[in-house]
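Descriptive analysis of the structure
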Amino acid sequence: QVQLVESGGGLVQPGESLRLSCAASRTIFRASNMGWYRQGAGKERELVAGFTSGGATSYGDSVRGRFTISGDYAKNTVDLQMNGLKPEDTAVYYCHQRIRGMDYWGQGTQVTVAS
């Protein structure tokens, strides 16, 4: 069974930082098959960070310059470092993995940014 487990969410004040981690039960053969998404209240799920087919990092316009995605493929983990957090970053963050054309999602971890 494919399993993705997120950790690291919490409540922080604007301007602070948070680091999320995703542990995958299946081997990550291609970095481009991994990514982080988020879904705010009343909004659709959107891509936050991922990898191109060449293995380079890519980011959504609203987080570029503040967030950094990285992977440790020996441990099958993918992290998301979030700096300079804003209230609009408040959402449930999901880890995603694509295996043989099928999509798998973690249960999500809540990130709340408020003063």
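What this report covers is the structure whose coordinates are included nearby. (Residues numbered from 1 in each chain as written. Predicted model: local features only at pLDDT ≥ 70, side-chain atom pairs only at ≥ 80, totals over all residues. Heavy atoms only, no water.)

**Let's talk about the overall build of the protein**
For clarity, the cut-off: What counts as a helix is a DSSP run of H or I of at least four residues, what counts as a strand is a run of E of at least two, and both are numbered from the N terminus. The reference for a compact globule is 2.2 Å times residues^0.38; the radius of gyration itself is calculated from the C-alpha atoms. Accessible area is worked out with a 1.4 Å probe on protein chains only. A residue is then buried under 20% of its type maximum, exposed over 50%, and partly exposed in between. Should any heavy atoms of two residues lie within 4.5 Å, those residues are considered in contact. Accessible areas in this description were obtained via Shrake-Rupley with a 1.4 Å probe; residue shielding takes into account the shown protein chains only. Counted as positive: Lys and Arg. Counted as negative: Asp and Glu. His and the chain ends are not counted at all. The atom standing in for a charge is NZ when the residue is Lys, CZ when it is Arg, CG when it is Asp and CD when it is Glu.
Helix and strand content of the protein: zero helices and eleven strands. For a compact globule of 115 residues, the expected C-alpha radius of gyration is about 13 Å, and the protein comes in at 13 Å, within 12% of that figure. If one aligns the C-alpha atoms of the protein with their principal axes, the spans along those axes are about 40 × 25 × 25 Å. Among the 115 residues that make up the protein, the fraction classed as buried is 39%. At a minimum sequence separation of 6, the contacts of the protein that also span at least 24 residues come to 53%. Of the accessible surface of the protein, which amounts to about 6400 Å², a share of 46% is contributed by carbon and sulfur atoms. Looking at charge distribution, the protein has the averaged site of its 12 positive side-chain charges lying 7 Å from that of its 10 negative ones.

**Observations regarding the pairing of strand E8 (residues 77-82)**
In plain terms, the rule: Two strands qualify as a pair provided that DSSP identifies no fewer than 2 bridges between them.
Taking burial as the measure, the six residues of E8 include six buried ones, the bulk of the element. Across the two faces of E8 the burial is the same, with Thr 77, Asp 79 and Gln 81 and Val 78, Leu 80 and Met 82 all buried. Pairing geometry for strand E3 (residues 18-24) and E8, over six bridges, is antiparallel. Note on E8: the bridge partner recorded for Cys 22 is Val 78. In this structure, strand E7 (residues 67-72) lies alongside E8, joined through six bridges in antiparallel fashion. Note that in E8 the partner of Phe 67 across the bridge is Met 82. Turn length for the E7-E8 hairpin, with the two strands adjacent in sequence and antiparallel, is four residues, and the turn residue Asn 76 shows positive phi of about 55 degrees.

**Regarding the pairing of strand E9 (residues 91-99)**
Residues in a regular strand project their side chains so that they alternate between the two faces of the sheet. Burial of E9 is extensive: seven of the nine residues sit out of reach of the surface. Where E9 meets strand E11 (residues 109-113), three bridges bridge the pair, whose relative direction is antiparallel. Considered in E11, the bridge of Ala 91 is made with Val 111. The sheet contact formed by E9 and strand E10 (residues 102-105) spans four bridges and is antiparallel. Following the sheet pairing, His 96 is matched in E10 by Trp 105. The hairpin turn running from E9 into E10, its antiparallel successor, is two residues long, and Arg 100 in that turn takes a positive phi close to 50 degrees.

**Some details on the packing of aromatic side chains**
Rules: Planes of paired rings set the category: under 30 degrees apart is stacked, over 60 is edge-to-face and the rest tilted, where pairs are Phe, Tyr or Trp rings (Trp by its six-membered ring) whose centres lie within 6.5 Å. Should the NZ of a Lys or the CZ of an Arg lie within 6 Å of a ring centre and within 35 degrees of the ring normal, that charge is described as sitting over the ring.
Per the counting criterion, the structure on display carries one aromatic pair. Measuring from centroid to centroid gives 5.0 Å for Tyr 37 and Trp 105, while their planes differ by 75 degrees, and the two rings are edge-to-face. Note that Tyr 37 is positioned in strand E4 (residues 34-39) and Trp 105 in strand E10, a separation of 68 residues in sequence. Trp 105 gets classed as partly exposed once you look at its relative accessible area, which sits at 36%. The ring of Tyr 94 is capped by Arg 45, whose NZ or CZ atom sits 3.9 Å from the centre of that ring. Just above the ring of Trp 105 sits the side chain of Arg 45; from NZ or CZ to the centre is 4.5 Å.

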